[in-house]
Amino acid sequence: MRSLLIAVAAAFTLGPVHAQQPTSSPSPVTLDFEYFRTRVQPILLHKRPTLARCYVCHSQGTPLVIQTLSPGRDTWTEEESRKNFEVIRRVVVPGNPTASRLLMMPLAAEAGGIAFHPGGKHWASQDDPEWRILADWVRGTK
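The rules behind the values
- Residues numbered from 1 in each chain as written.
- Predicted model: local features only at pLDDT ≥ 70, side-chain atom pairs only at ≥ 80, totals over all residues.
- Heavy atoms only, no water.
- Phe/Tyr/Trp six-rings, centres within 6.5 Å; stacked < 30°, edge-to-face > 60°.
- Helix = DSSP H or I, 4+ residues; strand = E, 2+ residues; numbered from the N terminus.
- Buried < 20%, exposed > 50% of the residue type's maximum accessible area, 1.4 Å probe, protein only.
- Arc of directions from axis to C-beta.
- Core = buried A, V, L, I, M, F, W, Y, C linked by side-chain atoms within 4.5 Å.
- Contact = heavy atoms within 4.5 Å.
- Axes fitted to C-alpha atoms, helices over the stretch in contact; angles between N-to-C directions.
- Parallel < 35°, antiparallel > 145°, perpendicular 65-115°, else oblique.
- Nonpolar A, V, L, I, M, F, W, Y, C, P; charged D, E, K, R; others polar.

Draft legend 1. A look at the packing of aromatic side chains. Tallied over the full model, the rule gives five aromatic pairs. On the numbers, 5.6 Å between centres and 90 degrees between planes, the contact of F33 with F85 is edge-to-face. Of the two residues, F33 sits in helix 2 (residues 33-45) while F85 sits in helix 4 (residues 78-88), which places them 52 residues apart along the sequence. Of the two residues, F33 and F85, neither departs from the other in class, the shared state being buried.

And the structure:
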């Protein structure tokens, strides 16, 4: 009985055990700020026919708050972009798009997304061009 309890505790502590452990650990993925600024941020401002832009909700009153655009501006300054980058990286698991809330909350449940996102489902599939841009950023590919 004691060994069973130890095994269960180890499983919860150490996480999943993979059938084959890699002999060397892969290089950690570094999120690219410039890619974020030029490719990811525009997605946050994209107008959708039946849904609000990500910016509308996430510039106020949600747990994930990005910078408010200055009056008359349609994009962020470099400093504001850096602040957005720091906020958004909190909902990303570098190297793993499907473990990243940034990608999974607005993705339709039928496509593997999380069942509920207060702002609606922005992408019906992981093949959506916007989803793929975000996934490439999270993977560290360009």
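Draft legend 2. Examining helix 4 more closely. Listed in full, the buried residues belonging to helix 4 are E80, S81, N84, F85, V87 and I88. One side of helix 4 holds all its buried residues, which, seen down the axis, span an arc of 165 degrees.

Draft legend 3. A look at the nonpolar core. In this structure, I88, L102, L103 and W137 are the most contacted members of the largest nonpolar core, which totals 31 residues. Secondary structure elements with two or more residues in this core: helix 2, helix 3 (54-58), helix 4, helix 5 (101-104) and helix 6 (129-139). Of all the elements, helix 2 adds the most residues to this core, at seven residues. Setting aside anything within four residues of it in sequence, one finds L103 in contact with P97, W123, W131, L134, A135 and V138.

Draft legend 4. Local environment of the packing of helix 2 against helix 4. Running from amino to carboxyl end, helix 2 crosses helix 4 at an angle of 90 degrees, the nearest separation of the two axes being 10 Å. Viewed along their axes, helix 2 and helix 4 adopt a mutual orientation that is roughly perpendicular. Judged by residue contacts, F33, F36, R37 and Q41 of helix 2 engage E78, S81, R82, N84, F85 and I88 from helix 4. Taken together, the residues that form the contact of helix 2 with helix 4 break down as four nonpolar, three polar and three charged.

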